[in-house]
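Overview (structure and organization)
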Amino acid sequence: MEEMHYGSDYKFIPATSIGSGIGILVLPDVYCYTVQIVNICFVGSPETGDFVLIDAGMPDSAEDIISVTEERFGANSRPKAIILTHGHFDHVGSVIDLVKHWDVPVYAHQMELPFLTGQKSYPDPDPTVEGGMVAKMSPIFPNEPIDLGNHVKVLPSDGTVPHLAGFKWYHTPGHAPGQIALFREKDRTLIAGDAFVTVKQEYLYKVFTQEQEISGPPRYLTTDWKAAKESVHQLYALKPEVAVTGHGLPMSGELLSTSLYKLVREFDSIATPDYGKYVN
């Protein structure tokens with residue numbers, strides 16, 4: 001197996017929320033689990049054992065993720081694939097350990113590949129952006145590329161998702177160039193990555209308490225606010241009934257539709273920061 005490696009700035013990040021270690025059964029085949037401050041998602045049925053993992057949590061969380069997987073799907077179970085919504089450190093934190101343990105393929109958008117094959121670092125996080133303690137802490141977050149080598153594959157260009165019948169992927173840039181969301185038409189289920197989140201991720205107190213409110217993408221890592229706004233409009237147009245986001249609690253029904261409507265209408269005041277180095 002060719003050598004895979006994390007960036008040299010890879011490290012455990014001491015941040016957590018009261019939701020850490022808690023799993024939520026969102027739908028019979030959609031299980032959301034919180035790793036410190038970020039959500040991973042298992043899609044598939046424990047009965048058949050056919051499932052995929054969406055995103056790979058925080059650095060040093062592989063053991064936790066493997067034990068949750070086996071608790072839900074049985075001993076020695078493994079996903080058919082890992083799908084990455086994007087390559088930021090809190091979504092790929094344990095991906096190499098998981099690939100080594102499970103020997104499964106990883107899929108991501110073409111535009112995320114440079115960050116996943118050791119070619120290119122993300123832009124530096126912005127500690128000056130409007131927001132609270134998490135924004136101020138952001139310079140300690142890893143942003144060097146990881147290298148998955150030939151274990152990472154490009155998502156099919158026709159919008160289908162390998163091993164995930166019924167879901168299509170949508171390109172939702174802004175927070176990351178190749179960020180994607182996943183949507184299933186039949187029950188209007190959306191897995192949104194960080195295109196929007198349901199907690200104000202910049203504020204340590206809100207991250208810790210997981211106070212639920214709709215918000216744009218985490219500000220300290222979002223570099224293109226025009227694209228971020230267009231991505232939210234695109235997801236709103238899908239009229240989701242249930243949304244699992246990268247941070248915060250899942251949201252559904254009336255609360256989701258009114259919250260998303262508000263975010264679309266007031267994106268510039270709710271989501272876009274008043275100041276910061278990526279705010280033009």
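Small disclaimer: the values here were computed from a predicted structure and weren't measured.

1. Quick notes on the confidence of the model for the protein chain
Regions with low pLDDT should not have their predicted coordinates read in detail. Averaged over all residues, the pLDDT of the protein chain is 96; the fraction at 70 or higher stands at 99%. Mean pLDDT across the elements of the protein chain ranges from a minimum in helix H5 (residues 204–209), with 89, to a maximum in strand S9 (residues 180–184), with 99.

2. Looking at the packing of aromatic side chains
What the rule picks out here adds up to eleven aromatic pairs. When the ring of Tyr-6 is compared with that of Tyr-10, the centres are 3.9 Å apart and the planes differ by 15°; the resulting orientation is stacked. Residue classification places Tyr-10 among the partly exposed positions, given a relative accessible area of 23%. Relative to Phe-73, the ring of Phe-42 has its centre 5.9 Å away and its plane inclined at 50°; by these criteria the two rings are tilted.

3. Notes on the sheet that holds S9
Spatially, S8-S9-S10-S11-S12 is the arrangement adopted by the five strands of the open sheet, whose pairing is mixed. Strand pairing shows two members of the sheet lacking a second neighbour, strand S8 (167–171) and strand S12 (251–252), which therefore form its edges. Bridge count between S8 and S9: five bridges; the pairing is antiparallel. Counterpart to Tyr-170 in the pairing with S9 is Ala-181.

4. With respect to the sheet that holds strand S4 (residues 50–54)
Taken together, the seven strands give an open sheet; going across it, the order is S1-S2-S3-S4-S5-S6-S7, and neighbouring strands pair in mixed fashion. The open sheet has two edge strands, strand S1 (23–27) and strand S7 (152–154), and neither has a second partner. Bridging between strand S3 (residues 38–45) and S4 involves five bridges; their strand directions are antiparallel. Paired with Gly-44 across the two strands is Phe-51, which belongs to S4. Helix H1 (residues 62–73) contacts S1, strand S2 (30–35), S3 and S4 of the sheet and is inclined by roughly 30° relative to S3.

5. Focus: the environment of Glu-130
Within the element layout of this structure, Glu-130 appears in the loop between helix H3 (113–116) and helix H4 (133–137). Setting aside its immediate chain neighbours within four residues, Glu-130 contacts Glu-202, Arg-219, Pro-273, Asp-274 and Tyr-275.

Cut-offs applied
- Residues numbered from 1 in each chain as written.
- Predicted model: local features only at pLDDT ≥ 70, side-chain atom pairs only at ≥ 80, totals over all residues.
- Heavy atoms only, no water.
- pLDDT = per-residue confidence, 0-100.
- Helix = DSSP H or I, 4+ residues; strand = E, 2+ residues; numbered from the N terminus.
- Phe/Tyr/Trp six-rings, centres within 6.5 Å; stacked < 30°, edge-to-face > 60°.
- Buried < 20%, exposed > 50% of the residue type's maximum accessible area, 1.4 Å probe, protein only.
- Pairing = 2+ DSSP bridges.
- Contact = heavy atoms within 4.5 Å.
- Axes fitted to C-alpha atoms, helices over the stretch in contact; angles between N-to-C directions.

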